Amino acid sequence: MMWEAFLAILTLTLATSAAPEQLCMYDDVIQYLNISSEKPPPLCTIPKKNWKDPLKVEIEFILMSILSVTEKLQTVTVYFLVTMKWENVFATWNPQDFCNISEFLLPVDTFWSPYLIIFEQVDEEKSLNRPFLSITHNGIVSTTQQHHVTVACNLEMHKFPFDTQTCRISLFSINHQDIILWSNQTTDEVTKTSQLIHLTSGEWKFTNINITKYEEYPAFKYEISMKRRPILYVLNLIFPSCALYLLDMTILFSSSSYENKISFQLTLLIGESVLALILKDIIPTSSDDPPVIVMFFVGILVLMIMGILETCLLVQLKKKPLHPILKATKLLRCRKQTRTTSGNLLCKQGDSLTEMARGQEESRDSSALGKGNTELPMLTERINAEGQQIGTQAELQECESTLLVLEKVLFCSHLLLSLLFSIIIIVQWSS
């Protein structure tokens, strides 16, 4: 009995002393997976057991920032993150054999990783560090790629600066036969996540990100909707243009001389031309549909030029009061009334002069001296000259009144045309 107890204790002692030491370092797991840095990467191909079965790669998209938008080049520069997850069936271990180590980081070139292409990319992508990937004990590998790229975008500038643009970023893999891209993200999830961690607050504010999966190819399309903050352009372009045009209208309706009006209007026209040159550096030259702001500037320039031409016309008519335009306007305005008024005035003045001449003639005939009829021709010439002078003065007065009426008509038509133009521009911008 004692001998059996001694053998049992000896066996237990030998078994305990022969138990292997438990491994508790990352290097032990690396040695177990046979991926030490002293050897070349052993698994550089797509990790799948059957080459006919495609590998599923999950991707997650997060928009970090909209860095710049170049309207003339039709490009947008963005910064975003893409996280990819896939299963490597050749890189698994039992955590209990390695002190419950279930996950650790490795250099990104240790295993195979998907390579994504951005279809809309128009420049060379800036090198962003992606040094590590994460691997779990069940073979789930994940890595996050940083992208700082400039993509082509069809910018619709019709409602500039109150515009909303939609730019597209398409991610796809060249190994479309061996890889299937899929994502659990919804439109609301990616929009909320991107808005939560958005880094910049510049000219553009993105409002929504729509996710679409291509059926023919392993690719995802992310449509980024962004709205411009127009306050800078309103203060620098639209408000100064409106102020210059209001000054032009004020000068046009003022009581200053026509020469002073023309000089002020030319000065305002030069200021508006400078603002138009600033706009020229922003709007793309290849736009088929002219933006509303371009029509706004062109309309203001045309109205200013029309105001200058109207003032020049009034100056010309003032220098030549018997201009055919004034005569035609006078005849169209009150042809019958003008004839009646002028005729009555001339008849009254002629009758008074005739009666005075007759009285003087009768007094000479009845006088005892009988001087004769030598003063009668002189009196007749005087009557004719005064009648012509009175007729000319009446015609000048009529021309001046007609000029005032024409000035009012031109100014009122200019004001109505300006109101109509303003309504059209507002409707175009708000539609």
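Note that the coordinates shown come from a computational prediction; the quantities given were computed from them, not determined experimentally.

Q: Explanation requested: the pattern of salt bridges in the structure shown.
A: Pairing of side chains with opposite charge becomes possible as their charged atoms draw close. Inspection of every chain in the model, using the stated rule, returns 6 salt bridges. Across the pair Arg228 and Glu71 runs a salt bridge, and its minimum N-O distance is 2.8 Å. With a gap of 157 residues between them, Arg228 in strand β10 (residues 219-228) and Glu71 in the loop between β1 (55-70) and β2 (75-87) connect regions that are remote in the sequence. Just as Arg228 is buried, Glu71 falls in that class too.

Q: Looking at this structure, I do not really get the sheet that holds β10. What am I missing?
A: What holds strands together in a sheet is hydrogen bonding between their backbones, with the strands either parallel or antiparallel. Reading across from one edge, β4-β7-β10-β9 is the order of the 4 strands in this open sheet, with antiparallel pairing throughout. This sheet does not close on itself; its edge strands, each paired only once, are β4 (116-118) and β9 (204-213). Across the sheet, the axes of successive neighbouring strands diverge by a mean angle of 25°, strand direction being ignored. The sheet contact formed by β9 and β10 spans 9 bridges and is antiparallel. Of the residues in β10, the one forming a bridge with Ile211 is Tyr222.

Q: What should I look at first to understand the sheet that holds strand β8 (residues 179-182) in this one?
A: Taken together, the 6 strands give an open sheet; going across it, the order is β3-β5-β6-β2-β1-β8, and neighbouring strands pair in mixed fashion. The open sheet has two edge strands with one neighbour each: β3 (103-107) and β8. On average, each strand axis in the sheet is inclined to that of its neighbour by 30°, with strand direction left out of account. Here 2 bridges tie strand β5 (residues 132-136) to strand β6 (residues 140-152), and the two strands are oriented antiparallel to one another. Across the sheet, Ser134 pairs through a bridge with Ser142, a residue of β6.

Q: Teacher, can you tell me more about the packing of helix α5 (residues 258-280) against helix α6 (residues 292-319) here?
A: For any two helices packed against each other, the geometry comes down to the angle between their axes and how far apart the axes lie. Two elements in contact, α5 and α6, have axes separated by 10 Å at closest approach and are oriented at 165°. Here α5 lies roughly antiparallel to α6, going by the angle between them. When the axes of α5 and α6 are compared, the crossing they make is left-handed. Looking at the contact of α5 with α6 residue by residue, the classes come out as 19 nonpolar, 4 polar and 4 charged.

Q: Which parts of the structure should I look at to understand the side chain of Glu71?
A: For Glu71, a relative accessible area of 8% corresponds to the buried category. Here Arg228 takes part through its side chain, which lies 2.8 Å from a polar atom of the side chain of Glu71. Aside from chain neighbours lying at most four places away, what touches Glu71 is Leu155, Met157, Glu203, Trp204, Arg228, Ile282 and Pro284.

Q: How should I be thinking about helix α4 (residues 231-252) in this particular structure?
A: Residue pairs spaced three or four apart in an α-helix point in one direction, given the helix's 3.6 residues per turn. Compared with an ideal rise of 1.5 Å per residue, which puts 22 residues at 32 Å, α4 spans 30 Å between its outermost C-alpha atoms and is within 8% of the ideal. In α4, a bend of some 30° at Ile238 exceeds every other bend along the element, and Pro240, a proline, comes one to four places later. Within the sequence span of α4, burial applies to Tyr233, Leu237, Ile238, Ser241, Leu244, Tyr245, Asp248, Met249, Ile251 and Leu252.

Q: Before we go on, may I ask you to explain the packing of aromatic side chains in this structure?
A: The description of an aromatic ring pair uses the distance of the two centres, along with the angle that the planes make with each other. Tallied over the full model, the rule gives 11 aromatic pairs. Where Phe162 meets Trp429, the ring centres are 5.4 Å apart and the plane angle is 80°; that geometry is what we call edge-to-face. Taken together, the positions of Phe162 in the loop between β6 and β7 (164-173) and Trp429 in helix α8 (residues 376-430) put the pair 267 residues apart, joining distant regions of the chain. In this structure Phe162 comes out as partly exposed when scored by relative accessible area, which is 36%. Ring pairs connect the aromatic residues Phe61, Phe80, Phe220 and Tyr222, which therefore count as one cluster. Geometry around Phe220 places Lys213 over its ring, the cationic atom sitting 5.8 Å from the centre.

Q: Help me understand the state of the cysteines in this model?
A: Each disulfide consists of a covalent bond between the sulfur atoms of two cysteine residues. Summed over the entire model, instances satisfying the criterion amount to 1 disulfide. Across a sulfur-sulfur distance of 2.0 Å, Cys153 and Cys167 are joined as a disulfide pair. Between Cys153 and Cys167 the sulfur-sulfur dihedral comes to about -90°; the bridge is accordingly left-handed. Separated by 14 residues along the polypeptide, Cys153 in the loop between β6 and β7 and Cys167 in strand β7 bring together distant segments of the chain. As far as the burial class goes, Cys153 and Cys167 line up, both buried.

Thresholds applied
Residues numbered from 1 in each chain as written. Predicted model: local features only at pLDDT ≥ 70, side-chain atom pairs only at ≥ 80, totals over all residues. Heavy atoms only, no water. Salt bridge = Lys/Arg side-chain N within 4 Å of Asp/Glu carboxyl O. Helix = DSSP H or I, 4+ residues; strand = E, 2+ residues; numbered from the N terminus. Buried < 20%, exposed > 50% of the residue type's maximum accessible area, 1.4 Å probe, protein only. Pairing = 2+ DSSP bridges. Axes fitted to C-alpha atoms, helices over the stretch in contact; angles between N-to-C directions. Parallel < 35°, antiparallel > 145°, perpendicular 65-115°, else oblique. Left-handed = near helix turned anticlockwise from the far one by under 90°. Nonpolar A, V, L, I, M, F, W, Y, C, P; charged D, E, K, R; others polar. Polar contact = N/O pair within 3.5 Å; in protein donor to acceptor, adjacent residues only side chain to side chain. Contact = heavy atoms within 4.5 Å. Expected span 1.5 Å × (residues − 1). Bend = angle between axes of the 7 residues up to and from the residue. Phe/Tyr/Trp six-rings, centres within 6.5 Å; stacked < 30°, edge-to-face > 60°. Lys NZ or Arg CZ within 6 Å of the ring centre and 35° of its normal. Disulfide = S-S within 2.5 Å.

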